[in-house]
Amino acid sequence: MDSNIKYRHELKYQCSEVQLAIIRSRMQSLMRYDSHAQNGQYTIRSMYFDNYENRCYYENESGTDPREKFRIRIYNAKSNRISLECKRKEHSKTHKTSCLISLDDFYQLVNGGSLGNLADKPALFRKFTVLMQTQRFTPAVIVEYERTPFVCELGNVRVTLDQNIRSSNDFDGFFNDNLPTRQILPKGQHLLEVKYDELLPDFIKEALELGNLQQSTFSKYYLCRKYSMGGTL
């Protein structure tokens, strides 16, 4: 693990509707909403990429350490903020690198067109274009869900409630308001994520105690890929 890179703890819990409602109620009195959330929520839509061997999918399935996933992410189906991101997992911790890209860059990446001079592009963008050219990275699946995000400066904690997790392979419709999707979890099942740097404050840890809440290795990307590849959930 590179000591110069800041990795974060990331805990995941699959929750029922009732459990999620309890956590939301508790977090509202302890943490503040992310400033980007409108009415406490926004919709995340991510286009994940994989290479010609489906390396990212199989590394996720086998728990390869370290491993990386690449995605392009937008919010509320809008094109005003498009992020290229690399999420790296190593020794049970995660690190995310991201950079903003233009709409033209997005279409060039997705359609495999010429990207011109890359000298002024961010390092992550240059790295990803090399992977596209050498390992034939292409769009693999779209993951979408509604997120309620809470943040706390102490410990740099982020608690997110992700609801209605769904997938799509309509890559041409990435910016469409009504993207056709399919649910990947049973009705009423959602995801709680807790991310922090070194220490999770006790008052947040105690608020997350529900007795029967079990930590999970849940991966939205993996389940959406498995569904789209014809696997059984």
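An account of the accompanying structure is given in this report. Because the structure is a prediction, the values reported are computed rather than measured.

Each value, and the rule that gives it
Residues numbered from 1 in each chain as written. Predicted model: local features only at pLDDT ≥ 70, side-chain atom pairs only at ≥ 80, totals over all residues. Heavy atoms only, no water. Patch = residues over 30% accessible without salt bridge, like charges linked within 9 Å, V, L, I, M, F, W, Y side chains within 5 Å. Areas by Shrake-Rupley, 256 points an atom, 1.4 Å probe, with all protein chains shown as cover. Salt bridge = Lys/Arg side-chain N within 4 Å of Asp/Glu carboxyl O. Helix = DSSP H or I, 4+ residues; strand = E, 2+ residues; numbered from the N terminus. Buried < 20%, exposed > 50% of the residue type's maximum accessible area, 1.4 Å probe, protein only. Pairing = 2+ DSSP bridges. Core = buried A, V, L, I, M, F, W, Y, C linked by side-chain atoms within 4.5 Å. Contact = heavy atoms within 4.5 Å.

## Notes on a nonpolar patch on the surface
On the surface, Leu30, Leu154 and Phe203 cluster together into a nonpolar patch covering about 260 Å² of accessible area. By secondary structure assignment, the location of Phe203 is in helix H5 (residues 202-207). Using a relative accessible area of 35% as the deciding quantity, one classes Phe203 as partly exposed.

## Details of the pairing of strand E10 (residues 189-196)
Most of E10 is tucked away: seven of the eight residues are buried. With eight bridges connecting them, strand E1 (residues 8-16) and E10 associate as antiparallel partners. Looking across to E10, one finds that Ser16 is bridged to Gln189. Examined bridge by bridge, strand E8 (residues 157-168) and E10 share five bridges and lie antiparallel to one another. Within E10, the position partnered with Arg158 by the bridge is Lys195.

## Some thoughts on the nonpolar core
Counting residues in hydrophobic clusters, the biggest one holds 43 residues, and the most contacted among them are Ile72, Ile101 and Phe106. With residues up to four places along the chain from it excluded, the contact list for Phe106 reads Met47, Ile72, Ile82, Ile101, Phe174 and Phe175. By size, the runner-up hydrophobic cluster in this structure holds 21 residues, among which are Phe150, Leu161, Ile204 and Leu210.

## A word on the pattern of salt bridges
Across all of its chains, the model carries 23 salt bridges by this definition. We note a salt bridge from Lys127 to Glu68, for which the minimum N-O separation is 3.2 Å. Of this pair, Lys127 sits in helix H4 (residues 123-135) while Glu68 sits in strand E4 (residues 67-75); the two residues are 59 residues apart in sequence, bridging distant segments of the chain. A relative accessible area of 16% means that Glu68 is categorised as buried. Between Arg166 and Glu144 there is a salt bridge whose closest N-O contact spans 3.3 Å. Within this pair, whereas Arg166 is found in strand E8, its partner Glu144 is found in strand E7 (residues 138-152), the two being separated by 22 residues in sequence. Look at Arg166 and you get buried, because its relative accessible area is 11%.

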